[in-house]
Every structure is written in structure tokens, then in C-alpha cells.
Amino acid sequence: RGVTGVQTCALPICFPVTITGVDYSELDHALRTRQWKKADELTATLMLKVAGKLGYLDEKDIRQFPGEDLQLIDNLWLGHSHNKLGFSVQKQIWIKSGKPAGADYYGSDNRPGWIAFENQVGWQGINYSEIWRAYGKLNWANPQKFRGHLPGGIWMKGIIRQWEWADSFYRPEI
């Protein structure tokens with residue numbers, strides 16, 4: 001799953017440049033040096049930058065998000081986590097969880113799938129009042145303990161709302 005395009009080099013490492021021209025070298029460095037929280041925050045920031053948006057991405061933004069950039073972000077996460085973290089890993093877990101979708105998290109049709117998903121990626125709440133783990137309580141020290149644990153900020157901080165989140169998993173690039 002390579003990404004085509006020009007490369008910019010800051011010896012000894014080269015970084016692919018997508019058609020959008022966004023520089024992913026800082027994300028690459030954060031992942032390479034295991035600065036997981038910084039990498040997660042950069043992922044959200046870069047996705048908003050690519051989409052030319054502030055605050056959050058809606059369904060249209062997800063559909064129109066450049067596939068090359070989505071694939072590059074995913075490949076960086078995969079490459080620096082031994083294929084344990086990234087959007088495509090989350091997609092695989094989501095499929096195995098029955099492809100839960102919809103805004104009605106509490107609905108009887110959706111909840112078992114979402115619970116299965118959040119348990120697999122380690123996002124389950126700590127107690128009954130906290131359904132999803134709070135963003136600050138993610139496993140920053142060892143995110144690879146749970147396959148698909150990160151990136152999480154794009155979802156948990158509401159940059160992509162839960163019911164639109166599943167739409168991203170239909171993207172063929174991941």
C-alpha cells in the first residue's frame with residue numbers, strides 16, 4: 001500500500017508528499033520516537049488541515065477527504081506500530097464487531113457492536129457512568145497493548161462524530 005508522489009528529504013529520511021502538499025514529517029517523527037499522544041493530536045490537526053476545516057469533519061468531508069492522504073496517515077501509524085495501530089486496524093476490528101453504525105449508540109441494534117469494538121481497541125469506559133474511556137485516559141505509555149487503540153483523538157474529541165465515524169471505514173484506502 002504505497003503512496004505515490006514526490007518526496008521531500010531531510011537527510012537521512014525522505015517523506016512522501018501528497019497532492020495536497022501537507023507535510024507529514026512531524027507526524028512521522030512523533031510516531032518514530034513513540035510520542036503517541038503527540039502523534040494522535042497531530043493526526044487530528046493534519047486531517048483538519050487537509051480538509052481545510054476548523055473544529056470537525058462532517059460526512060461530506062469524510063467522503064471527499066483525499067484518499068492519498070488518508071492512506072499515508074494510516075501507513076505511518078501501521079509502519080511505526082508493527083501493524084497494531086492505525087485506521088485500517090480499527091476498520092478490521094469494526095468489521096469483526098458487526099459494523100455498528102448510527103447515532104443511537106444506546107439503541108438495541110447498535111450497542112452490542114459498539115461495545116465489542118470499544119472493548120477490542122481498549123476504549124471501554126472504566127465504570128458504568130463512563131461509557132467510552134476519556135481521551136486523557138487512553139493508554140499513552142503502551143497503546144499497542146490493544147490493537148487499534150490509536151489514533152483515537154479524531155473520534156474521541158468529536159472531530160469526526162460517532163455516527164459519521166463509521167462512514168470513514170467504508171473508504172477503500174484503508
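Before going into details, it helps to say that this report is about the structure given with it. For every chain, the first residue of its written sequence is number 1, and the numbers climb from 1 along that sequence. pLDDT decides what is reported in this predicted model: residues at 70 or higher carry local features, side-chain atom pairs at 80 or more are listed and counted, and totals for whole chains, interfaces and linings draw on all residues regardless. Values reported for side chains reflect all heavy atoms of the structure, with hydrogen atoms and water molecules removed beforehand.

**Details of the packing of helix α5 (residues 87-96) against helix α6 (residues 111-121)**
Part 1: Every angle, taken between N-to-C directions, lies between 0 and 180 degrees, and every axis is a line fitted to C-alpha atoms, over only the stretch in contact when it is a helix. Numbering of helices and strands starts at the N terminus; helices are DSSP runs of H or I of at least 4 residues and strands are runs of E of at least 2. Interhelical geometry of α5 versus α6 gives an angle of 140° and a closest axis separation of 9 Å. With respect to α6, the axis of α5 lies oblique. The way α5 lies across α6 gives a crossing that is right-handed. Contacts between α5 and α6 involve Q90, I93 and W94 on the former and, on the latter, W114, F117, Q120 and V121.
Part 2: Tallied by class, residues from the contact of α5 with α6 come to five nonpolar, two polar and no charged. To sort the angles, those under 35 degrees are grouped as roughly parallel, those over 145 as roughly antiparallel, those from 65 to 115 as roughly perpendicular, and the leftovers as oblique. Left-handed is the label given to a crossing in which the near helix is rotated counterclockwise from the far helix by less than a right angle, and right-handed is the label when the rotation is clockwise. Should any heavy atoms of two residues lie within 4.5 Å, those residues are considered in contact. When residue character is reported, Ala, Val, Leu, Ile, Met, Phe, Trp, Tyr, Cys and Pro are called nonpolar, Asp, Glu, Lys and Arg charged, and the others, Gly included, polar.

**Points about α5**
Part 1: With respect to burial, α5 is a largely interior element, seven of its ten residues being buried.
Part 2: Partly exposed residues are those whose accessible area sits between 20% and 50% of the maximum for their type, while under 20% is buried and over 50% is exposed, using a 1.4 Å probe and protein chains only. Those residues of α5 that sit buried are F87, S88, V89, Q90, K91, I93 and W94.

**Side note on the packing of helix α1 (residues 25-32) against helix α4 (residues 67-79)**
Part 1: Axis separation between α1 and α4 bottoms out at 9 Å; the angle between their running directions is 20°. If you check the angle between α1 and α4, you find them roughly parallel. Here the hand of the crossing between α1 and α4 comes out right-handed. Within the contact between the two elements, α1 uses L27, D28 and L31 and α4 uses I73, L76 and W77.
Part 2: Grouping the constituent residues of the contact of α1 with α4 by class yields five nonpolar, no polar and one charged.

**Focus: the pattern of salt bridges**
Part 1: Salt-bridge detection follows one rule: a side-chain nitrogen of Lys or Arg within 4 Å of a carboxyl oxygen of Asp or Glu. Taken as a whole, this structure holds three salt bridges when the rule is applied.
Part 2: In this structure, K53 and D61 form a salt bridge, with 3.2 Å as the shortest nitrogen-oxygen distance.

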